[in-house]
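Coordinate analysis (summary)
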Amino acid sequence: MKRAIEPTSIERTMREDDFIVSKTNAKGIITYGNPIFIEFSGYTEAELLGSQHNIIRHPDMPRSVFKLAWDTIQGGKEFFGYVKNMSKDGGFYWVFTHIAPDFDANRQIVGFTSVRRCPRREAISKIEPVYREMLQAERAAGARDAIAAGTQVLVDLLNKSGTGYEELAFAL
Ligand SMILES: Cc1cc2nc3c(=O)[nH]c(=O)nc-3n(C[C@H](O)[C@H](O)[C@H](O)COP(=O)(O)O)c2cc1C
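Residues numbered from 1 in each chain as written. Predicted model: local features only at pLDDT ≥ 70, side-chain atom pairs only at ≥ 80, totals over all residues. Heavy atoms only, no water.

**Considering the layout of surface pockets**
Quantified by volume, the largest pocket comes out at close to 500 Å³. Taken together, 24 residues line the largest pocket, and the ones lying closest to its centre are His53, Asn54, Phe66, Trp70 and Ile99. Of the residues contributing to the lining of the largest pocket, the split by class is 10 nonpolar, 10 polar and 4 charged. (1 Å grid on protein atoms, 1.4 Å probe; cavity = no way out; pocket = protein on both sides within 12 Å on 5 of 7 lines; lining within 4 Å. Points joined across faces, edges and corners; volume = space filled by probe spheres on them. Nonpolar A, V, L, I, M, F, W, Y, C, P; charged D, E, K, R; others polar.)

**Describing the pattern of salt bridges**
A full pass over the atoms with the stated rule returns 9 salt bridges. The closest approach of N and O atoms between Lys23 and Asp102, which form a salt bridge, is 3.4 Å. Here the residue Lys23 occupies a position in strand β1 (residues 20–25), and Asp102 occupies one in strand β4 (residues 92–103), the gap between them amounting to 79 residues. A salt bridge links Glu122 to Arg120; its shortest N-O distance comes to 2.6 Å. Judged by relative accessible area, which is 41%, Glu122 ranks as partly exposed. The partly exposed category is assigned to Arg120, whose relative accessible area is 41%. (Salt bridge = Lys/Arg side-chain N within 4 Å of Asp/Glu carboxyl O. Helix = DSSP H or I, 4+ residues; strand = E, 2+ residues; numbered from the N terminus. Buried < 20%, exposed > 50% of the residue type's maximum accessible area, 1.4 Å probe, protein only.)

**Some thoughts on the site of the ligand**
Close to the ligand lie 14 residues, the nearest being Asn54, Arg57, Trp70, Asn85 and Arg116. At 2.6 Å from an oxygen atom of the ligand is found a side-chain nitrogen or oxygen belonging to Asn54. Here a nitrogen atom of the ligand and a side-chain polar atom of Arg116 are 3.0 Å apart. Among the detected pockets, the ligand sits in the largest pocket. Those elements that provide at least two residues to the shell around the ligand are α3 (63–74), β3 (79–86) and β5 (109–117). The residue makeup of the shell around the ligand, split by class, is 7 nonpolar, 5 polar and 2 charged. (Near = heavy atom within 4 Å. Polar contact = N/O pair within 3.5 Å; in protein donor to acceptor, adjacent residues only side chain to side chain. Sits in = over half its atoms within 2 Å of the grid points.)

**Focus on unusual backbone geometry**
The phi dihedral of Arg107 is positive, around 65 degrees, even though this residue is not glycine. Turning to its location among the elements, Arg107 is positioned in the loop between β4 and β5. Of the residues examined, Arg107 reaches a relative accessible area of 58% and is grouped as exposed.

Below you can see the structure in the form of structure tokens.
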């Protein structure tokens with residue numbers, strides 16, 4: 001589904017005890033959203049179910065972050081990270097997300113489940129400039145080389161701090 005939503009500076013903040021939960025099939029099509037997911041997204045349940053999960057993608061998010069997430073979960077592992085999402089009205093909300101694969105009895109991936117909680121303010125202020133730099137690198141590199149360029153910014157940062165992405169996410 002193609003939409004042209006103008007991002008706004010209106011922020012929604014998750015409450016301490018909120019959990020935003022969604023599930024997708026193996027292709028990233030939404031199959032379930034809990035009431036808090038529906039609330040923050042601004043869409044109705046009917047609009048969400050059957051849509052690609054990128055329906056709430058914010059243009060400030062680097063593509064290379066999602067590449068890392070998909071490589072991780074399709075490899076059967078769990079992904080942890082910070083994501084800025086966009087609501088239907090163009091407003092935004094930050095989450096600390098955990099995405100895990102759902103397996104069938106034969107260890108085949110049949111879908112994914114994501115549980116997000118409220119990120120700490122300091123973590124957002126640390127990750128935001130990293131994402132900005134990654135996005136700039138992606139734009140400068142052009143569509144074909146965007147993922148490699150964005151990833152390189154992250155790899156350089158991780159090498160400098162001697163950590164992995166997951167460790168970095170938890171250390172923020
Ligand atoms: C379970 C699950 C949860 C996801 N949650 C989000 C999310 O909250 N926000 C988001 O932008 N993408 C999320 N994604 C990733 C999207 O499927 C998509 O890869 C991303 O929005 C980038 O979209 P694009 O490839 O069209 O640029 C999720 C994927 C899965 C499998």
